Amino acid sequence: MENLFYKIKYYFGTIYRGLIGRFHNIFDKAPAIKSGAEWYSLGDSTQGRNIRCYKFGQGEKKILLMGGIHGNEVGTVKLAHNLINWLCGNQLRFSNLTIFVVPCLNPDGAEVARQFPDYKHRGRIGRLNARDVDLNRNFPTTDFMSQTTWKTGRNYHDETIAVFGGDFAGSEAETKIIMDLIKKENIKNIIAFHNMGSDVMPVSGDAVAETWAQIYFKKAKFKIRYNVNLSGSLSSWAKENNIHYLTVEGSSRWGSDWHRQYKAIEEILASM
Ligand SMILES: [Zn+2]
């Protein structure tokens, strides 16, 4: 009986979320990036799309903020566009920082998500890159696995889906491009935008990331989760390379979530 109740609730929840998703996707567009914002290409995706990087400031401390590692997480790219436009007017406030914003690491997946918006399944289509690799399982970590999983749904335990981490660690163009940027610029602070869950996941023991998580808790009412272990993730790679790292799971698949998150982002940048 309880199971039936859950199924009915889940069914109506799917319709509801689909409608909300459609609404956000249509009315909460990625804003055009202001003409003053300068970008350069970090390289080409598997299908030859530019992976753009916007750079602000020349301060000593460096931070990377990144969206669209999973192309289906449409809202993260919209969030990054809002962030770039906001930084255009506010970068002088963060003169001690160099801020890198990569709005979309997986433009090929994002294009698939744009063409086939998957409202019915909360937007699953487009997660992988053009070679069907989950980029957030492809980093060269000690726990890398080719055959791995994606846990989804409420509290990340409704469903476990098999995903491909790549033939070998760091096999994908997009993975190499972001690692090259991080190494070349010696970036020691990273925030990666995903969705959805309204929570943040610092690596336990990383005091800086824990401070950022507390800021998200305070400013955006996001929950804090620990010990989310994913093979070959950017999170694990950052930990192994002594980089402060926070995963942010936004509250909307299709919406920018900017109004929910920007105060947290602002305070984190100001705290550095
Ligand atoms: Zn994700």
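This text gives an overview of the structure that appears in the document. Small disclaimer: the values here were computed from a predicted structure and weren't measured. (Residues numbered from 1 in each chain as written. Predicted model: local features only at pLDDT ≥ 70, side-chain atom pairs only at ≥ 80, totals over all residues. Heavy atoms only, no water.)

### Remarks on the overall build of the protein
Here is step 1 of the chain: Within the protein one finds seven helices and 10 strands.
Here is step 2 of the chain: Taken along its principal axes, the extent of the C-alpha atoms in the protein is 60 × 40 × 40 Å.
Here is step 3 of the chain: Residues counted as buried form 53% of the 272 residues belonging to the protein.
Here is step 4 of the chain: Of all intrachain contacts in the protein linking residues separated by at least 6 positions in sequence, the fraction that spans at least 24 positions is 77%.
Here is step 5 of the chain: Accessible surface computed for the protein: about 13,100 Å², of which carbon and sulfur atoms make up 54%. (Helix = DSSP H or I, 4+ residues; strand = E, 2+ residues; numbered from the N terminus. Buried < 20%, exposed > 50% of the residue type's maximum accessible area, 1.4 Å probe, protein only. Contact = heavy atoms within 4.5 Å. Areas by Shrake-Rupley, 256 points an atom, 1.4 Å probe, with all protein chains shown as cover.)

### Some remarks on the coordination of the zinc ion
Here is step 1 of the chain: Here the zinc ion is held by the protein donor atoms His70 (ND1), Glu73 (OE), Glu73 (OE) and His194 (ND1), which lie 2.0 to 2.4 Å from it.
Here is step 2 of the chain: Every donor counted, the four donor atoms about the zinc ion form angles of 57 to 142 degrees at the centre, which fits irregular coordination.
Here is step 3 of the chain: Written as a sequence motif, the donor arrangement for the zinc ion is H-x2-E-x120-H.
Here is step 4 of the chain: For glutamate 73, a relative accessible area of 3% corresponds to the buried category. (Donors = N, O, S within 2.8 Å, 3.2 Å for Na, K, Ca; no water. Tetrahedral: all angles 85-135°; square planar, octahedral: opposite > 155°, others 65-115°.)

### With respect to helix α1 (residues 2–27)
Here is step 1 of the chain: End to end, α1 covers 37 Å across 26 residues, agreeing with the expected 38 Å (1.5 Å per residue, within 8%).
Here is step 2 of the chain: Inspection of α1 places Gly13, Thr14, Gly18, Gly21 and Asn25 among the buried residues, and these make up the whole buried set.
Here is step 3 of the chain: On the buried face of α1, the contacting elements are α2 (74–90). (Expected span 1.5 Å × (residues − 1).)

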